[in-house]
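Structural overview
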Amino acid sequence: MSRLKQNAIGIYAWFERRLGLTGPITEAAAHPTPPTSASWWYVFGSAATVLFILQIVTGILLALVYTPSAGEAWSSLQFLNHDITLGWFLRAIHGWGSDFMVAIVLIHMAQVFLFGAYKYPRELTWILGVFLLLFTLGMAFTGQVLRFDQDAYWGLGIGASIVSRFPWIGGPLVHMMLGGPIIAGQTFSRFFALHVFIIPGMLLAFVALHVWMVLHLGVNEWPMPGRIVSKATYDREYHELTSKVGVPFVPDAAWKDAVFAAAIILAVIACALFFGPFGPSGQPDPTIIQTAPKPDFFFLWIYAVLAYLPPELETPFLFIAPTIVIGAMLLLPLVAGEGEKHWSRRPVAVLMVSVIAVALGVFTHLGTFTPWSPIMDAWSGAPTPVACLKGRSPLERQGALVLQNKQCRNCHALGGAGGMRGPALDSIAARMTEDQMIRQVLQGGGNMPAYGNALSPAETRALVAFLMTLRGNNLTPAVDGSHILSQSEAAPSSGQIPSSPSTQ
Amino acid sequence: MTDPINPAGLPPPKNPEPQVPSTSTAIPGLKAAQHSRRAFLFKLSLLLNSAVGVVLAVPILGYLFGPAFRRDATYKHWVSLGPISNFPEGQTRLVDFRNPVTTDADGATANVPCWVRHIAGNQFQVFAINCAHLGCPVRWFPQSNLFMCPCHGGVYYADGSRASGPPERGLFEYRYTVTNGTLLIFAGQMPTLSNRACLEKPLIQIAPDSSAQAQQIPPTSPRTVA
């Protein structure tokens, strides 16, 4: 036994004599850490790194089978899902790993921001971190493209349309992005190169620098209210803290990182097992236009913002807002490199994180059910609710037919079914008079197209007759106040509503 | 950095300035070494490598930015959409064509759909499938004479003009011609807002289209007596 041990030590010594890595590694692992920083709040950075490694490993494994070609990528994904043993599982881990990585990077960033860890001397660590966030989002977007399905194809179209709005150089930029005149083989190949070589290379380099700076500058100490960061005194204070009460990073702090990383990987595995891989959805064939493209989860908020912006603001917003946001994130540690670290003394910081989180959450939630999108098959798929037809006159029922056949339901819900682009029509007669309805239907306006060319006078009459019966739970019909006034002036005794709907 | 002041590398005195821990020690004759023949040759080698780098960078940049400098017109060709008898007058139909510039690797992505509206005789309008907002595929609804976009709810009238929603303009149109009873369009590029060839198009077409439309109104919208 001791001979075996001696042999092992001998082999180790042979390598160590040549590599000389034990010293630097031990030093790095045992670097003194403030005891308060050995906290469960400080585990997100290492978890993001572990997820990154998981993505590299599963990505390489997928590349063993995946065919990086616009013509064959989709069928190779089907092959991975259905024909390769556990191919679906590897795809699922890579997909869920990506979602977890974006989420953990965002949480890590919020934690660092709230703990003031970006302040002196860790400004550059934060700045590189901003780039790491952008690279992570870049990986998420390009990864979505490599899942080359309908959403990926039209997502590229949305990307090209956004880029084309860039003043002056929009055209050349679109050509750069697409690698040719249309979204096709060359477009796919450059996104493959971005996802597999360029962005991962940048990520590796930036992660290495980021981690190096954490070792070099030390882990941020737990912030205390009133303990002010000053460039003049911070280094001495931090040195005193770590040399007096510091604990070695391994094992005192590292065990929490390790436990959290294991939990996160387990969570990824669980999601992969229970929810399976993402797609692919339909074939990336542009001639199949029966599709409603949608981005992946972490880009839904952008999709929502684009839908809600007024058209004339869209192009300026698309270019000015990201410049301001990224610029502000990069400049933050240079502008606010000193002062209070603790969140209780930085109300604006807490407010900002809360507002941004709520805004992203709301927009993402809206993005999951896209109330701005017409439901393209509602007119043929969602029948008129029976309650709306009971006891109606033939003309009114004819109007219900017009409502279906002219695709009104694509944008207007009735009985809870149909699009949400326009207002629901269940109680429309309680809000609009007959005249207002006719005008709105024929001339459109306020986000509604004019149907003057698509409706005959008879159809319009029937449609409006039907709409006049939609008064929700028997609400009072809308009344034109001026009409009553003019009538009451003519005949003061008659206070009747002029055109009462023919409903029961 | 601290060498001239602190050549022995002693721990610095109490200093309000942040201090980078330095282990460097003064090398004797450093100043002389900086002016030696070797130093000169080293600088020369740097210069040489910079020159080689530039020589290498020019073709790499040319390769990388090649697509950006290619003119739109070089991508476009006349493509046949088939005999005009495939397009009944007064109707709008979906038709696919193979992009004129394509490779084997493109697969199905080089099959491009477009909407053909046959107004009357040799009067056509050929619309790109891409919504003028963000490029999603628009769908034609003959019942309501509207194009609708599934993404953000852009809506266009039968003649491609903007009806409602976020698009800033009408649908993109291809140039077309009718030769020997065949409908040809000048296509080959995904239309976007920066694609000037497409932006100019509607202005040229407005005159013949609107007159044809005026003639068309009685047959396409059979108004019954109210």
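Right, let's get into the overall build of chain A. Counting its secondary structure elements, chain A contains 19 helices and four strands. For 504 residues, the compact-globule estimate of 2.2 N^0.38 gives 23 Å, and chain A exceeds it by more than 25% at 31 Å. Principal-axis analysis of the C-alpha atoms places the extent of chain A at approximately 110 × 60 × 50 Å. Considering only contacts within chain A whose residues lie at least 6 apart along the sequence, 78% involve residues at least 24 apart.

Here we come to the overall build of chain B. Along chain B, the regular secondary structure elements total three helices and ten strands. Ordered by position from N to C terminus, the α and β elements of chain B give α-α-β-β-β-β-β-β-β-β-β-β-α. Considering chain B as a whole, with its 226 residues, one finds that 33% of them fall into the buried category. Of the contacts formed within chain B by residues at least 6 apart in sequence, a portion of 49% connects residues at least 24 apart.

Residues and elements named next belong to chain A. It is the contact of helix H3 (residues 44–63) with helix H11 (residues 249–275), at a shortest axis distance of 9 Å, that shows an interaxial angle of 45°. Here H3 is positioned oblique relative to H11, judged by the angle of their axes. The two elements H3 and H11 cross, and the hand of that crossing is right-handed. Within the contact between the two elements, H3 uses Ser46, Ala47, Val50, Leu51 and Leu54 and H11 uses Asp257, Phe260, Ala261, Ile264, Ile265 and Val268. Looking at the contact of H3 with H11 residue by residue, the class counts come to nine nonpolar, one polar and one charged.

Another point: the interface of chain A and chain B. Many descriptions give the size of an interface as the accessible area lost when the pieces come together. Opposite the 63 residues of chain A that make contact, chain B presents 59 residues. Elements with a contribution of two residues or more to the side of chain A that touches chain B: helix H7 (150–164), helix H8 (170–178), helix H12 (300–308), helix H13 (311–335) and helix H18 (457–467) of chain A.

We now examine the sheet that holds strand S1 (residues 77–83) of chain B. Residues and elements named next belong to chain B. Taking strand neighbours across the sheet as the criterion, the six strands line up as S1-S10-S9-S4-S3-S2 in an open arrangement whose pairing is antiparallel. The open sheet has two free edges, formed respectively by S1 and strand S2 (92–98), since each of these has just one partner strand. Looking at each pair of strands side by side, their axes are set apart by 35° on average, direction ignored. Pairing of S2 with strand S3 (residues 111–120) involves seven bridges; the strand directions are antiparallel. In the strand pairing of S3, Thr92 is matched with Arg117.

In this chain, Tyr120 of chain A is followed by Pro121 of chain A through a cis amide linkage whose omega measures 0°. Structurally, Pro121 of chain A is set in the loop between helix H5 (87–114) and helix H6 (123–146). For the bond from Gly279 of chain A to Pro280 of chain A, the omega torsion is 5°, close enough to zero to count as cis. Here Pro280 of chain A shows up in the loop between H11 and H12. The backbone of Gln407 of chain A sits at a positive phi, close to 65°, despite the residue not being glycine. Examined against the element boundaries, Gln407 of chain A turns out to sit in the loop between helix H16 (394–405) and helix H17 (434–443). You will see that Asn180 of chain B, though not glycine, has its phi angle at about 50°, which is positive. Tracing the sequence through the fold places Asn180 of chain B in the loop between strand S9 (173–179) and strand S10 (182–187).

Residues and elements named next belong to chain B. With antiparallel pairing, the four strands of this open sheet are ordered in space as S5-S6-S7-S8. Since the sheet does not close on itself, it has two edges, and those belong to strand S5 (139–141) and strand S8 (162–164), each with one partner. Strand after strand, the sheet turns through a mean of 35° between neighbouring axes, direction not considered. Taken together, the three bridges between strand S6 (residues 146–148) and strand S7 (residues 155–157) define a ladder with antiparallel strand orientation. Directly across from Met148, in S7, lies its bridge partner Val155.

This paragraph deals with helix H2 (residues 37–69) of chain B. Residue pairs three or four apart in sequence face the same way in an α-helix, which turns once every 3.6 residues. Residues and elements named next belong to chain B. Between its first and last C-alpha atoms H2 spans 46 Å; for 33 residues at 1.5 Å apiece the expected length is 48 Å, and the two agree. At Tyr63, H2 is bent by approximately 40°, the largest bend along its length, and proline Pro67 sits one to four residues beyond. Counting buried positions over the 33 residues of H2 gives zero, only a small fraction of the element.

This brings us to the environment of Ala28 of chain A. Residues and elements named next belong to chain A. One can find Ala28 in helix H2 (residues 22–29). Judged by the 14 C-beta atoms lying within 10 Å of it, Ala28 falls in the partly exposed class. C-alpha of Ala28 to C-alpha of Ser456: the two residues are 428 residues apart in sequence and 80 Å apart in space.

Here the focus is the nonpolar core. Counting 133 residues, the largest nonpolar core has Ala47, Leu51, Ile104, Leu463 and Leu467 of chain A together with Cys114 and Leu146 of chain B as its most contacted members. Top element by residues in this core is H5 of chain A. It accounts for eleven residues.

This part is about the environment of Ile56 of chain A. The topology assignment puts Ile56 of chain A in helix H3. Spatially, the C-alpha atoms of Ile56 of chain A and Ala359 of chain A are 32 Å apart, while their sequence positions differ by 303 residues.

Calculation notes
Residues numbered from 1 in each chain as written. Chains lettered and ligands numbered in written order. Predicted model: local features only at pLDDT ≥ 70, side-chain atom pairs only at ≥ 80, totals over all residues. Helix = DSSP H or I, 4+ residues; strand = E, 2+ residues; numbered from the N terminus. Rg over C-alpha atoms; globule rule 2.2 N^0.38 Å. Contact = placed C-beta atoms within 7 Å. Buried ≥ 20, exposed ≤ 12 C-beta atoms within 10 Å, placed from the backbone. Axes fitted to C-alpha atoms, helices over the stretch in contact; angles between N-to-C directions. Parallel < 35°, antiparallel > 145°, perpendicular 65-115°, else oblique. Left-handed = near helix turned anticlockwise from the far one by under 90°. Nonpolar A, V, L, I, M, F, W, Y, C, P; charged D, E, K, R; others polar. Pairing = 2+ DSSP bridges. Expected span 1.5 Å × (residues − 1). Bend = angle between axes of the 7 residues up to and from the residue. Core = buried A, V, L, I, M, F, W, Y, C linked by C-beta atoms within 7 Å.

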